[in-house]
Amino acid sequence: MSALSSFIRGHGRELVAQLSQHLVLTVAALALAAALGLPLGLWLTRNRRLATAVLGGAGVIQTIPSLALLGFLIPFTGIGAAPAILALFLYALLPIVRNTIVGVESTPSAVKEAAAGMGMTDLQVLGRVELPLAAPVIFAGIRTATVVAVGVATLAALVGGGGLGVYIFRGISLANTTMILAGAIPAAGLSLLLDAILGRIERRPGAPLVPVLLLAALLSLAFVGRRTAFGPSEGRFRIGVQPEFVERPDGYAGLSARYGLRARPVELDHGLVYLALVEHRVDAVIGYSTDGEIAAFGLRVLADDRHYFPPYFAAPLVRSATLRAHPELRRALSQLSFRLDEKTMARLNARVEHEAEAVARVAEEFLRAAGLPPGPHRRGPSADVVVGSKPFAEQYLLAEMFADLIETYTGLSVRLETGLGGTKICFEALAKGAIDVYPEYTGTGLYAILGAALDHDGTAPARDAQAVYDHVKREFARRFDMEWLPPLGFANTYAVIVRNDGGELSRVRTASELSAALAE
Amino acid sequence: MIEVDRVEKRYGDRLAVESASFSIRQRETFVLLGRSGSGKTTALKMLNRLVEPTSGIIRIFGDPITARPAEELRRSIGYAIQDVGLFPHYTVRENVAVVPKLLGWDERRIRARVDELLEHFGLPPDRYANARPRELSGGQQQRVGLARALAADPPLVLLDEPFSALDPITRREVQREFFRLAENLDKTFVLVTHDVAEAVAFGDRICLFEAGRIEQMGTPRELVLEPRNDFVRSFFDTGRLELELRVVSLAELAPYLARAPRLEATDVVEFSATASLHDVLEHPLIAAGRALSVRGEDGRILAIARAAALLDAFYARRRVEPGG
């Protein structure tokens, strides 16, 4: 708790900014959804056949995973608040439209018949009878939409839209519980607050709901439009980064200090940074040197000529308890040691990500070529060893290889738990014994998990990949009872990556040249 | 007042009402009688255009009802239905005031009218005007529904089984109250019902529907005593004795009265010759044993007798007259 309060004290201004961004995103989307969904729902009660189609369509949108929906929207809306508001709007629409239709249609038929028989026009029946009677159901829809929207709005952090999700996703990447809570607790509070406000409004009948909502939507959008810092502004150099990169000791602050780089970081999900780059929504990104997209999109990696990014090894991180129970694991997994260089890894990643090849096949073919042909799979729900991974191509591939090797060279059975959402989740799962091994990077181990700070001149404590590995191995064994097996070979470092499409940066080859070009 | 001319209503292949023609006179209570699904309710709803006929024409006071907007037509016609359909979010006062409000009456006039009607229906305004429908009993709700139908003082009132959902005791109460009030109102009522006794008791004329067609139309007496076919006869067979007691007038019984012992014309209850034996038997003083006198339309006393003698005459007539 004291960690949380000191975090909040240290990040007070940023937290307030994120909270207000979150509020604006949510209110703008909700107000739009209500201002459009309410009349739409009412109109659909008069066009029943169309209603089925519209509800069906809205239902389909609802089933699209939020991050996927954001991915679809980026080519049209760019990054920033726009895709986030649009996605939230689409999610909020269904409960509002559906509840409006259900509410109006639940008016007893005798009441409707009496109203018509008295000589009310259709509009009078709607306005004086059906709408007031449907109000509680409609409000329930708006309140459902509100709670959903506050939750989904955290994903705005992954498309450069800001909000409380920034801390949540940074926290997950950095295994920092305090940071997650600093985002999650205000989000929960916001949800309760908005729900309470709606409850208040509901108990005051006769509130001119639609005009009020429209006004709120307009104000929010105007706010969004004015706050250029909120969305990516034109004319300024934008660098797309993963949330964790902003906060890491070897992250953005040090990079810009080392190179005197004057640019604005835009936080994006790792899966979306390249999309944003290719779609010209950002001008450069910070990626990993082994990312498959570099080759697939023909991107250019700028040389780190001032040696800011330390090289890190990837290696299997295993529970020592598992190794004690099954010592044969060590030999099986060590066979991969230094068998994967950077180029090979990038090529394998590209095959999975851009040539849509099956992970299992790519892994098997690599092992076969490396002289480690895997035997038949013996996977099942109950297994001796559980292999985990984070949710991106390289991790899926490495986990598959680990599993193949364990099954081929030990008598143990394996279960895969791949796609776990980030460092924090993988590390905690390993600590709790929910998984036994996953591929991890020594840099992440050093900065995210051990929390080592940069020394005063902005350099990492160890410039040498082997030295970092040795340090991390020693500390993990001592503190967590976990063991780093021998490195896989490739050094996975962060890298500044730009488009190779002959723009202003066509002659820039190094990070220093980039900085110089931007200073002009 | 209302002319229904070869009106049909078709739903897909089904003919709900088949070429119906009838006319309704001013100030009468015209009953559309039939089983459920016979077409009687469809026929009623065509009068205020809640249902539009497939073909045929309906005129009210000579003008086709399609000559003006349906809403305007409906505001000029009272309407009460079986399920009442009070607006749950309105008070009793607001419910009754719906049509006057739609017609743009001023507040004071509406207020006075609502108070008057609630008083008539035994719902003192100071107690009930601000109640919500859910606070009322079923009978009270239907009273409000009927008051609402009469609120704007329409010359024509459509009643779609307004008493059918009530329990038997409440039903009799509300029926009687309503028709006693209606008698003095100078209005035309069209009543849909499946209840033969209700039709005979309150209808001036009855139009019997079956399978979308009119089987017979006429006074209760004609339908009960002179059925045109077996269907009509069997329709009125349940409770026939009571129906006959209702439709046979005292004037018709006079010839069958036995030469009874002479009674003094004092201390008797006087009935008009058009009254029915049912009216007589229900009278509390007759039930207590008092004799009655029957006064003809010309003012002459036709007979003085006790109820028992009238019943004898009823059975004597029944042996020789049609329909018996």
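This one's a predicted model, so the numbers in the text were calculated from it and none came from an experiment. Position labels on residues start from 1 in each chain and follow its written sequence. A letter from A marks each chain and a number from 1 marks each ligand, given out in the order of writing. pLDDT decides what is reported in this predicted model: residues at 70 or higher carry local features, side-chain atom pairs at 80 or more are listed and counted, and totals for whole chains, interfaces and linings draw on all residues regardless. Water and hydrogen atoms were dropped before computing side-chain values, which therefore reflect all heavy atoms in the structure.

### Brief notes about the overall build of chain B
Rules: Counting from the N terminus, the helices are the DSSP runs of H or I reaching at least four residues and the strands are the DSSP runs of E reaching at least two. Computation of the radius of gyration draws on C-alpha atoms alone. For the globule rule, the value is 2.2 Å times the number of residues to the power 0.38. Think of it in three bands: residues with accessible area under 20% of the maximum for their type are buried, residues over 50% are exposed, and the middle band is partly exposed, with areas taken using a 1.4 Å probe on protein chains only. Only heavy atoms matter for contacts: two residues are in contact if any of them lie within 4.5 Å across the pair. Accessible surface area values rest on a Shrake-Rupley calculation with a 1.4 Å probe, where residue burial reflects the displayed protein chains alone. We count Lys and Arg on the positive side and Asp and Glu on the negative side, and we leave His and both chain ends out. A charge is said to be at NZ when it belongs to Lys, at CZ for Arg, at CG for Asp and at CD for Glu.
Check the secondary structure of chain B and you find 16 helices and 13 strands. What you see for chain B is a C-alpha radius of gyration of 22 Å, in line with the 20 Å of a compact globule of 324 residues. Projecting the C-alpha coordinates of chain B onto the three principal axes gives extents of approximately 65 × 50 × 35 Å. A total of 324 residues make up chain B; the buried ones form 51% of that total. The contacts of chain B with a sequence gap of at least 6 include a subset with a gap of at least 24, amounting to 65%. As displayed, chain B offers around 15,500 Å² of accessible surface, 46% of which is attributable to carbon and sulfur atoms. For chain B, the separation between the mean place of its 46 positive charges and that of its 48 negative charges on side chains is 1 Å.

### A short note on the packing of helix 3 (residues 48-63) of chain A against helix 5 (residues 81-105) of chain A
Each packed pair of helices is defined by two parameters, the angle between the axes and the distance between the axes. All names here are of chain A. Where we set the bar: Comment: axis = line fitted to C-alpha atoms, over the contacting stretch for helices; angle = value between 0 and 180 degrees taken between N-to-C directions. Here a crossing is called left-handed whenever its near helix is offset anticlockwise from the far helix by less than a right angle, and right-handed whenever the offset is clockwise. Under this grouping Gly is polar, as are all residues other than the nonpolar Ala, Val, Leu, Ile, Met, Phe, Trp, Tyr, Cys and Pro and the charged Asp, Glu, Lys and Arg.
As a packed pair, helix 3 and helix 5 sit with axes 9 Å apart at the nearest point and diverge in direction by 145°. Handedness of the crossing formed by helix 3 with helix 5: left-handed. The segment helix 3 lies against helix 5, with Arg48, Ala51, Leu55, Ala58, Gly59, Ile61 and Gln62 engaging Leu90, Tyr91, Leu94, Pro95, Val97, Arg98, Ile101 and Glu105. Within the contact of helix 3 with helix 5, the residues separate by chemical class into ten nonpolar, two polar and three charged.

### Quick notes on the pattern of salt bridges
Where charged atoms from two side chains of opposite charge come close, those side chains can pair. Quick reminder of the rule: One speaks of a salt bridge when a side-chain nitrogen belonging to Lys or Arg is within 4 Å of a carboxyl oxygen belonging to Asp or Glu.
Under the definition given, this model contains 48 salt bridges over all chains. Among the ionic pairs, Arg170 of chain A bridges to Glu14 of chain A, the shortest N-O distance being 3.4 Å. Separated by 156 residues along the polypeptide, Arg170 of chain A in helix 8 (residues 165-173) and Glu14 of chain A in helix 2 (residues 12-45) bring together distant segments of the chain. Judged by its relative accessible area of 1%, Arg170 of chain A is buried. A relative accessible area of 30% places Glu14 of chain A in the partly exposed class. Residues Glu8 of chain B and Arg10 of chain B are paired through a salt bridge, measuring 4.0 Å at the closest nitrogen-oxygen approach. Owing to a relative accessible area of 18%, Glu8 of chain B belongs among the buried residues under this scheme. One continuous salt-bridge network, built from bridges that share partners, spans Arg46, Lys112, Asp122 and Glu130 of chain A.

### A word on the interface of chain B and chain A
Just so we agree on the cut-off: Throughout this description, a polar contact denotes any pair of N or O atoms lying within 3.5 Å of each other; where both atoms belong to protein, one of them has to be capable of donating a hydrogen while the other can accept it, and for residues adjacent in sequence the pair is counted only when both atoms sit in side chains.
At the junction of the two partners, chain B supplies 21 residues and chain A supplies 16 residues. For Lys45 of chain B, the salt bridge goes to Glu113 of chain A, with nearest N and O atoms at 3.5 Å. Inspection of the chain B/chain A interface yields four residue pairs in polar contact (both at pLDDT 80 or more). In the side of chain B that touches chain A, the residues fall into twelve nonpolar, three polar and six charged.

### Describing the domain arrangement of chain A
Residues and elements named next belong to chain A. This is how the line gets drawn: Where a domain begins and ends is set by an automatic assignment or by a domain database. Reported buried area values correspond to the accessible surface (1.4 Å probe) lost by two parts on association, with both partners' losses combined.
The domains assigned to chain A are domain 1 (2-227), domain 2 (238-308 + 496-519) and domain 3 (314-491). Distance from the C-alpha centre of domain 1 to the C-alpha centre of domain 3: 41 Å. The interface of domain 1 with domain 3 comprises eight residues on the first partner and seven residues on the second. In this assembly, domain 1 packs against domain 3 so that about 490 Å² is buried in total across both faces, 63% of it on carbon and sulfur atoms. At the surface where domain 1 touches domain 3, the tally comes to zero salt bridges.

### Observations concerning the pairing of strand 1 (residues 238-241) of chain A
All names here are of chain A. Note the following rule: We treat two strands as partners when DSSP finds at least two bridges between them.
Alternating positions in strand 1 separate into two faces, Arg238 and Gly240 on one and Ile239 and Val241 on the other, with burial throughout. When strand 1 meets strand 2 (residues 264-267), the two strands line up parallel, connected through four bridges. Residue pairing across strands places Gly240 opposite Val266, the latter belonging to strand 2. Summarising the sheet, strand 1 and strand 3 (residues 284-288) pair through two bridges and their orientation is parallel. What sits directly across from Ile239, in strand 3, is Ala284.

### A word on the nonpolar core
Our working definition: Side-chain atoms within 4.5 Å are what join buried Ala, Val, Leu, Ile, Met, Phe, Trp, Tyr and Cys residues into a set we call a nonpolar core.
By size, the foremost hydrophobic cluster in this structure holds 112 residues, and its most contacted members are Leu32, Phe178 and Phe236 of chain B. In contact with Leu32 of chain B, other than residues within four places in its own chain, are Phe22, Lys40, Ala43, Leu44, Val190, Leu191, Val192, Thr193, Cys207 and Phe209 of chain B. Grouped together as the second largest cluster of nonpolar side chains are 62 residues, Leu25, Ile138, Ala153 and Leu158 of chain A included.

### As for the confidence of the model for chain A
Low pLDDT means the predicted coordinates in that region are not meant to be read closely. Short version of the rule: Confidence of the predictor at the level of single residues is captured by pLDDT, which takes values from 0 to 100.
The pLDDT averaged across chain A works out to 85; a share of 93% of its residues lies at or above 70. Note that pLDDT drops below 50 for residues 228-234 of chain A; the model gives that stretch 15 contacts with residues more than four away or on any other chain.

### Observations regarding the packing of aromatic side chains
Which entries qualify depends on this criterion: Within 6.5 Å between ring centres, the rings of Phe, Tyr and Trp (the latter by its six-membered ring) count as paired, and their orientation is classed by plane angle as stacked under 30 degrees, edge-to-face over 60, tilted in between. In this scheme, Lys NZ or Arg CZ marks a charge over a ring once it lies within 6 Å of the ring centre and within 35 degrees of the ring normal.
Using the criterion set out here, one finds 25 aromatic pairs over all chains in the structure. Pairing Phe476 of chain A with Trp484 of chain A gives two aromatic rings, centres 5.3 Å apart and planes at 75°, and the pair type is edge-to-face. Trp484 of chain A shares its class with Phe476 of chain A; the two are buried. Both rings, one in Phe179 of chain B and one in Phe202 of chain B, keep their centres 4.2 Å apart while their planes meet at 15°; by these two values the pair is stacked. On the criterion of sequence distance, the pair formed by Phe179 of chain B in helix 8 (residues 168-183) and Phe202 of chain B in helix 9 (residues 196-202) is long-range, its members being 23 residues apart. Taken individually, Phe179 of chain B and Phe202 of chain B each receive the classification buried, so the pair is uniform in this respect. Each residue in the set Phe245, Tyr288, Tyr308, Phe309, Phe392 and Tyr494 of chain A is aromatic and connected to the rest through ring pairs, giving one cluster. The lysine or arginine in question, Lys9 of chain B, covers the ring of Tyr11 of chain B, its NZ or CZ lying 5.1 Å from the ring centre. Directly above the ring of Trp105 of chain B sits Arg109 of chain B, whose terminal nitrogen or CZ lies 3.6 Å from the centroid.

### Description of the sheet that holds strand 13 (residues 301-305) of chain B
Residue and element names in this part refer to chain B. Sheet architecture is open: three strands sit in the order 11-12-13, paired in mixed fashion. Looking along the sheet, the strands with just one partner apiece sit at the ends: strand 11 (269-272) and strand 13. Neighbour-to-neighbour, the strand axes of the sheet open up by a mean angle of 20°, direction not taken into account. As paired strands, strand 12 (residues 292-295) and strand 13 are joined by four bridges and run antiparallel to one another. In the strand pairing of strand 13, Ser293 is matched with Ile304.

### Quick notes on helix 20 (residues 423-432) of chain A
Residues of helix 20 of chain A that are buried: Thr423, Lys424, Cys426, Phe427, Ala429 and Leu430 of chain A. Phi turns positive one or two residues past the end of helix 20 of chain A, at Gly433 of chain A, with a value near 85°.

### Some thoughts on the environment of Arg507 of chain A
Checked against the element boundaries, Arg507 of chain A lands in the loop between strand 10 (494-498) and helix 23 (511-519). For the pair Arg507 of chain A and Ala517 of chain A, spaced ten residues apart in sequence, the C-alpha separation works out to 9.7 Å.

### Regarding the sheet that holds strand 10 (residues 213-218) of chain B
Residue and element names in this part refer to chain B. The sheet built from six strands is open, its strands ordered 6-7-8-3-9-10 with mixed pairing. Edge strands, defined here as strands with exactly one partner in the open sheet, are strand 6 (77-81) and strand 10. Adjacent strand axes in the sheet meet at a mean angle of 15°, parallel and antiparallel pairs treated alike.

### Some words on unusual backbone geometry
Although it is not a glycine, Phe338 of chain A adopts a positive phi angle of roughly 55°. Along the chain, the position of Phe338 of chain A falls in the loop between helix 16 (328-334) and helix 17 (342-354). Among the residues examined, Phe338 of chain A registers a relative accessible area of 49% and is labelled partly exposed. Phi is positive for Asp153 of chain B, close to 55°, though the residue is something other than glycine. Residue placement: Asp153 of chain B occurs in the loop between helix 7 (138-150) and strand 7 (156-160).

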